[in-house]
Amino acid sequence: MVMARFGSLADPPATFALAGVRVIDPSTNTDAVRDLVVADGVIRNGDTSSGIPRIDAAGLVAAPGLCDLHTHLRTPGDEQAETIASGTRAAAHGGFTTVCAMPNTDPPLDDPLRVRGLLAECTHAAARVRVVAAATRGRAGEQMTDHGALAAGGAVGFSDDGVAIASAAVARQVLAYLGPLGLPLVQHAEEPNLATGSLMRGGPTATRLGLGGWPASAELAIVERDLALAAETGGWIHFTHLATAAALEPIRRARASGVRVTCDVAPHHLALTDAWVAGDRQFAWENGGDPESGAAGLDPELAYDGRCRVNPPLTTREDALALLAAVADGTVDAIATDHAPHPPERKAVPFAEAAPGMIGLETALGIGLAAVAAGQLELSTLLAALSTRPASIIGESRSLAVGCTTDLVVFDPRLSWRVQRSALASRSANTPLLGRDLPGVVRLTVAAGRITYDAGLIGSE
């Protein structure tokens, strides 16, 4: 058996040629079968006469390297759940070449020295790490951090992720300050008073399970407030892990009127629904549920699984399908994993005590390809939402054009893989997808011209 191997950004630049690979590059609207040549980490023309190793890539797909706008690397302070090494290896295994580390660490990423220190630890990582720094000190929502100094230290955005900035006055101040910097406020859209006591999405299934329901208005209230603040200040608002259809139309209207607004949605909000808390294990586009009550039937073996607790909660089937349609029409700019690793003891507890969040770096592409297979998305649209579009939000380019430094994922759409502990590079395995087969096997990831993951395509050790 050929063993997969991981590399790092500190490795020598790669040289190889993929013969007959299907190249899908949203940056140039390319979808063609051709040879793809990489020499010293740079994409060259198709001439392989210089002795570049040539690999038969028939049936494989090559696309720009994926970019995740929302990753929890748990460093500093919670390395039992994830480390920079394990988290970036999970990224490379999933086809990601850049991840944005979120600031809800211990201590939080609210200090320029802390941000610089984290980035200094990432020189030998298996993916580029960017930092979304805390918008307020201690993520307490009261006093702004030094946004200018944090930006100079490498921050690509600002967020109190895990909580919204509850004070409209503070949110307005942040947006006004960030406007001239050209950086976004990445807002976790959840009005805290409306969300108090909630454990899962409000509705018939929550009622059947006896769990406190999270209303869609909790998200909508912050979305509408911050769109108004962004319009007034000229700041850039980015809503992360949207989970309701109700938020989409205000975003469309604001964008049409010139407000600078972008947004992302997590793969689990596109595919998994509130019915999973009751034990259902069908994706949103598959048939299921109780047509008479509107609630999912209870599976006593799988119900109340703490791995299904996320924040914002898993959404309704109707909202999931609306969010998928919004990815398809471009209202949603990006698919971002909200990769949130936790050790087993935080999930194997009663549902109300489970830590919110699930891992997603290694399953995002597979979930997306399942949606493509079901006719919910075009493959090129999926790849744009995972690569070129999120990269542009943080100021990175993604292209497979000749002369570009290679940022690349190669996957086999004909194969599937089973999500299981032994197949994951993450330090944690908190996902209800364990035991499920997902389409698409990543064969190669190249970041900044370096091979960061190779499943025996180029070579093995």
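A quick note: this is a predicted structure, and the numbers were derived from the prediction, not measured.

J.: How should the packing of helix α4 (residues 168–181) against helix α7 (residues 216–233) be read in this particular structure?
T.: The axes of two packed helices give the description: the angle between them and the distance between them. Between α4 and α7, the least distance of the axes is 9 Å, while the angle of their chain directions is 40°. On the basis of their axis angle, the class for α4 and α7 is oblique. Judged by the twist between their axes, the crossing of α4 over α7 is right-handed. Contacts from Ala168, Ala171, Arg172, Leu175 and Ala176 of α4 reach α7 at Arg225, Asp226, Leu229, Ala230, Glu232 and Thr233. Its residues placed into classes, the contact of α4 with α7 shows 6 nonpolar, 1 polar and 4 charged.

J.: Whenever I open this one, the nonpolar core confuses me. Can you help?
T.: Inside soluble globular proteins, nonpolar side chains tend to come together where they are buried. Leu227, Phe239, Phe283 and Leu365 are the most contacted members of the largest nonpolar core, which totals 103 residues. Take this core: its biggest share by element is 6 residues, from helix α11 (residues 364–373). Counting residues in each nonpolar core, the second largest holds 19 residues, with Val21, Leu36, Ala57 and Leu444 among its members.

J.: Would you explain the side chain of His147 in this entry?
T.: The topology assignment puts His147 in helix α3 (residues 147–152). By relative accessible area, His147 is classed as buried at 0%. If we skip the residues at most four places from it in the chain, His147 touches Ala135, Phe158, Val174, Tyr177, Leu178 and Leu181.

J.: Looking at this model, I keep getting lost on empty space enclosed by the protein. Mind explaining?
T.: Over the atoms rolls a probe the size of a water molecule, and its path tells where empty space is left. Enumeration according to the criterion identifies 3 cavities of 30 Å³ or more in this entry. Counting only elements with at least two residues in the lining of the largest cavity, the list comes to β7 (66–71), β10 (155–159), β11 (184–188) and β14 (236–240). Residues belonging to the lining of the largest cavity are distributed by class as follows: 8 nonpolar, 4 polar and 1 charged. Considered as a void within the structure, the second largest cavity measures approximately 50 Å³ in volume. As for the second largest cavity, its lining consists of Pro267, Leu270, Trp285, Leu324, Ile335, Ala364, Ile367, Gly368, Ala371, Leu377 and Leu382. Elements with a contribution of two residues or more to the lining of the second largest cavity: α9 (267–271) and α11.

About the cut-offs
- Residues numbered from 1 in each chain as written.
- Predicted model: local features only at pLDDT ≥ 70, side-chain atom pairs only at ≥ 80, totals over all residues.
- Heavy atoms only, no water.
- Axes fitted to C-alpha atoms, helices over the stretch in contact; angles between N-to-C directions.
- Helix = DSSP H or I, 4+ residues; strand = E, 2+ residues; numbered from the N terminus.
- Parallel < 35°, antiparallel > 145°, perpendicular 65-115°, else oblique.
- Left-handed = near helix turned anticlockwise from the far one by under 90°.
- Contact = heavy atoms within 4.5 Å.
- Nonpolar A, V, L, I, M, F, W, Y, C, P; charged D, E, K, R; others polar.
- Core = buried A, V, L, I, M, F, W, Y, C linked by side-chain atoms within 4.5 Å.
- Buried < 20%, exposed > 50% of the residue type's maximum accessible area, 1.4 Å probe, protein only.
- 1 Å grid on protein atoms, 1.4 Å probe; cavity = no way out; pocket = protein on both sides within 12 Å on 5 of 7 lines; lining within 4 Å.
- Points joined across faces, edges and corners; volume = space filled by probe spheres on them.

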